[in-house]
Amino acid sequence: MIKKQLLLIIAVTTLGYINTANAQSPISGFMQGKGKGNVSISYSSEKYDEVYLVPEQVDGVPVFNEVQISSTSLYATYGITDQLDVVLSLPYIASKGNASQDVLNNLNFSNERKGIQDVSVFVKYNPFYFDYGSSSLRLIGALGLKTPVGNYKENEGLQSIIAIGNRSTTLSAIGLAMFKMNSGFFASGQFGGNLASNDVPNSYISEIKLGYAIKGFYGDAFVANQTSTSGVDILGEGFQGFFPATQVNYTKIGLNLYVPVYNSLGVAAGASTLVDGRNIGKATGFYGALVYKF
């Protein structure tokens, strides 16, 4: 019983690093065009009170009972040329627990950690475009850098259950193919790799989207995956108490919608949930965004 309780307590300390750090890919199969782009402000919220561990899924989050993570993010993309886009994102994150005041007083903890997290900058290049009359195929490559800009902490013992990041600088390379029909239906697939610092394991990422895009509407459904190439399981062989070094795998499904509302302004919304994972919280989340296109 003591060992199981210890497993529960230590396991969730890694979760704050993951759910705020891994959303769907910032890279899509659509190019902006020279001098065109968009800027969006979004608000998202996700919650979990279950944990994917090895070898079992665990109910409840020790100390904090459950964790809710909200994020206000700036996202912008701009077409330098018709074949070259730059993409930027910067989130402000608040991670909140639901511990009682007595627990907080006894442990000298806080129910919240918040601040600016990591800035991400991607450059994507579309060297190949094939037109088949009623359909087309794009082949795109992207390189990205994500690095911390806030002064948040990633290793505060059990307080790190609600940490907002892992303080890793990550280089990413992604390849993407998108097939689109003139009617608006499209399918895209991408695969890439992340090279991380701060003892965070490197990982492979993938995403598949099916959607419909016309002038007055956009919608897609996606499946996203991450598979770490190394790392340890919590309380497994080689685990030394540094939670960003754990092996984190997940499968996430979700959907996105966008509609224009007035001139260059539009609104977007979406939802996602984890359906499988390893060393990660079983989170379900929603978002909404105001989008300005130019």
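As a reminder, the structure under discussion sits directly above these lines.
Let me begin by describing the structure that accompanies this report. (Residues numbered from 1 in each chain as written. Predicted model: local features only at pLDDT ≥ 70, side-chain atom pairs only at ≥ 80, totals over all residues. Heavy atoms only, no water.)

1. What about the environment of Gly 277?
Applicable threshold: Per the convention used, a helix needs a DSSP run of H or I reaching at least four residues, while a strand needs a run of E reaching at least two, with both numbered from the N terminus. By the convention used here, residues are in contact when the closest approach between their heavy atoms is within 4.5 Å.
Take Gly 277: it is sitting in strand E14 (residues 265-278). With 220 residues separating them along the chain, Gly 277 and Gln 57 place their C-alpha atoms 9.3 Å apart. When neighbours within four sequence positions are excluded, Gly 277 is seen to be in contact with Tyr 52, Asn 249 and Tyr 250.

2. Some words on the packing of aromatic side chains
Which entries qualify depends on this criterion: Aromatic rings from Phe, Tyr and Trp, taking only the six-membered ring of Trp, are treated as a pair when their centres fall within 6.5 Å; an angle between ring planes under 30 degrees marks them as stacked, one over 60 as edge-to-face, and anything in between as tilted. Partly exposed describes any residue whose relative accessible area lies between the buried limit of under 20% and the exposed limit of over 50%, with all areas from a 1.4 Å probe on protein chains only and scaled to the type maximum.
Across all of its chains, the model carries 10 aromatic pairs by this definition. Summarising the aromatic geometry, the rings of Phe 30 and Phe 186 are spaced 5.3 Å apart at their centres and angled 85° between planes, so their arrangement reads as edge-to-face. With Phe 30 in the loop between helix H2 (15-19) and strand E1 (37-48) and Phe 186 in strand E10 (residues 185-196), this residue pair connects regions lying 156 residues apart in the sequence. By relative accessible area, which is 5% here, Phe 186 ends up buried. Both rings, one in Phe 185 and one in Tyr 212, keep their centres 4.8 Å apart while their planes meet at 50°; by these two values the pair is tilted. Of the two residues, Phe 185 sits in strand E10 while Tyr 212 sits in strand E11 (residues 203-214), which places them 27 residues apart along the sequence. Note on Phe 185: relative accessible area 48%, which makes it partly exposed. On the accessibility criterion, Tyr 212 (27% relative accessible area) is partly exposed. Grouping aromatic residues by their ring pairs yields a cluster made of Phe 30, Phe 186 and Tyr 218.

3. A few points about the pairing of E10
The cut-off we apply is this: Strand pairing is assigned whenever DSSP detects at least two bridges linking the two strands.
Here 11 bridges tie strand E9 (residues 170-181) to E10, and the two strands are oriented antiparallel to one another. Paired with Ala 173 across the bridge in E10 is Gly 193. Here E10 hands over to E11 after 6 residues, with Asn 198 in that stretch at a positive phi of 60°.

4. So, the pattern of salt bridges
Threshold: A carboxyl oxygen of Asp or Glu within 4 Å of a side-chain nitrogen of Lys or Arg is what we treat as a salt bridge.
All told, the structure shown has 6 salt bridges when counted by the stated rule. A salt bridge links Glu 66 to Lys 47, with the shortest nitrogen-to-oxygen separation between them at 3.8 Å. With a gap of 19 residues between them, Glu 66 in the loop between strand E3 (57-59) and strand E4 (67-79) and Lys 47 in strand E1 connect regions that are remote in the sequence. On the accessibility criterion, Lys 47 (39% relative accessible area) is partly exposed. Glu 156 is the partner of Arg 113 in a salt bridge, and the nearest nitrogen-oxygen pair spans 3.0 Å. Remark: Glu 156 occurs in the loop between strand E8 (135-148) and E9 and Arg 113 occurs in strand E6 (residues 112-116); sequence separation between them is 43 residues. On the accessibility criterion, Glu 156 (26% relative accessible area) is partly exposed.

5. Focus: the environment of Ile 174
Structurally, the position occupied by Ile 174 is in strand E9. What makes Ile 174 buried here is its relative accessible area of 8%. With 34 residues separating them in the primary sequence, Ile 174 and Ile 140 have C-alpha atoms 8.3 Å apart.

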